[in-house]
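Breakdown of the fold
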Amino acid sequence: MPPRKINLVEAADAKIAKVFDPHIAGDVNDSQAKVAKFGATFDWHAHDNEDEAFLVLRGRIAIDFRDGPVELGEGDFIVVPRGIEHRPRSLTEQPVVLMFEPATTLNTGNAKSDLTVADLKRL
């Protein structure tokens, strides 16, 4: 059977009902590609042991760092190195973002809150 093809933006619109609820798009060795819609403001957090990559598929986002924000539009990509405190937020209505990180990465990193998602759904 050939691998399954997914249109990530269409799948996000069909299956992701709330913001900051990452869904697994696929497994790549010990890592995962995760898709989420972003909302107004996420928690400040860091990932002590993992780098985290973001690719904006639709809309615009900002990732706040303690020394200033970085704005990203469709097609823009950034890697946040492990240990760097950051806070993602949307700049447009429910942007869709692909994240690539180790499968064990918790979305809120070292900060636990109501936004923490420990049991991810799949697209």
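As a starting point, this report considers the structure included with it. All of these numbers come straight from a predicted model, not from anything done at the bench. (Residues numbered from 1 in each chain as written. Predicted model: local features only at pLDDT ≥ 70, side-chain atom pairs only at ≥ 80, totals over all residues. Heavy atoms only, no water.)

1. Structural notes on the nonpolar core
Ranked by size, the top nonpolar core spans 14 residues in total, and within it F38, F54, I61 and I63 carry the most contacts. Looking at this core, the elements that each hand over two or more residues are strand 3 (52–58), strand 4 (61–65), strand 6 (77–80) and strand 8 (96–102). A per-element tally of this core places strand 4 first, with three residues. Residues contacting F54, with those up to four places away along its chain left out, are F38, I63, D76, F77, I78, V80, H86, P88, V97, L98 and M99. Of all hydrophobic cores here, the second largest spans nine residues; its members include A11, A25, L98 and L123. (Core = buried A, V, L, I, M, F, W, Y, C linked by side-chain atoms within 4.5 Å. Buried < 20%, exposed > 50% of the residue type's maximum accessible area, 1.4 Å probe, protein only. Helix = DSSP H or I, 4+ residues; strand = E, 2+ residues; numbered from the N terminus. Contact = heavy atoms within 4.5 Å.)

2. So, the sheet that holds strand 1 (residues 23–28)
Pairing is mixed in the open sheet, where six strands are placed in the order 6-3-8-2-1-9. Each having just a single partner strand, strand 6 and strand 9 (121–122) make up the two edges of the open sheet. Where strand 3 lies against strand 6, four bridges are found, and the strand directions are antiparallel. Its bridge partner lying in strand 6, E52 is registered against V80. (Pairing = 2+ DSSP bridges.)

3. Observations regarding the side chain of T105
When you line up the elements, T105 lands in the loop between strand 8 and strand 9. Residue classification places T105 among the buried residues on the basis of a relative accessible area of 5%. Discounting chain neighbours no more than four positions away, the residues touching T105 are K34, H47 and E50.

4. Brief notes about the sheet that holds strand 7 (residues 86–90)
Spatially, three strands are ordered 5-4-7 in an open sheet, and the strand pairing comes out antiparallel. Both outer strands of the open sheet, strand 5 (68–72) and strand 7, are each paired with one neighbouring strand and no more. Averaged over all neighbouring strand pairs, the angle between strand axes comes to 20°, with direction disregarded. In terms of strand pairing, strand 4 meets strand 5 through five bridges, oriented antiparallel. Bridge pairing in strand 5 places D64 opposite P69. (Axes fitted to C-alpha atoms, helices over the stretch in contact; angles between N-to-C directions.)

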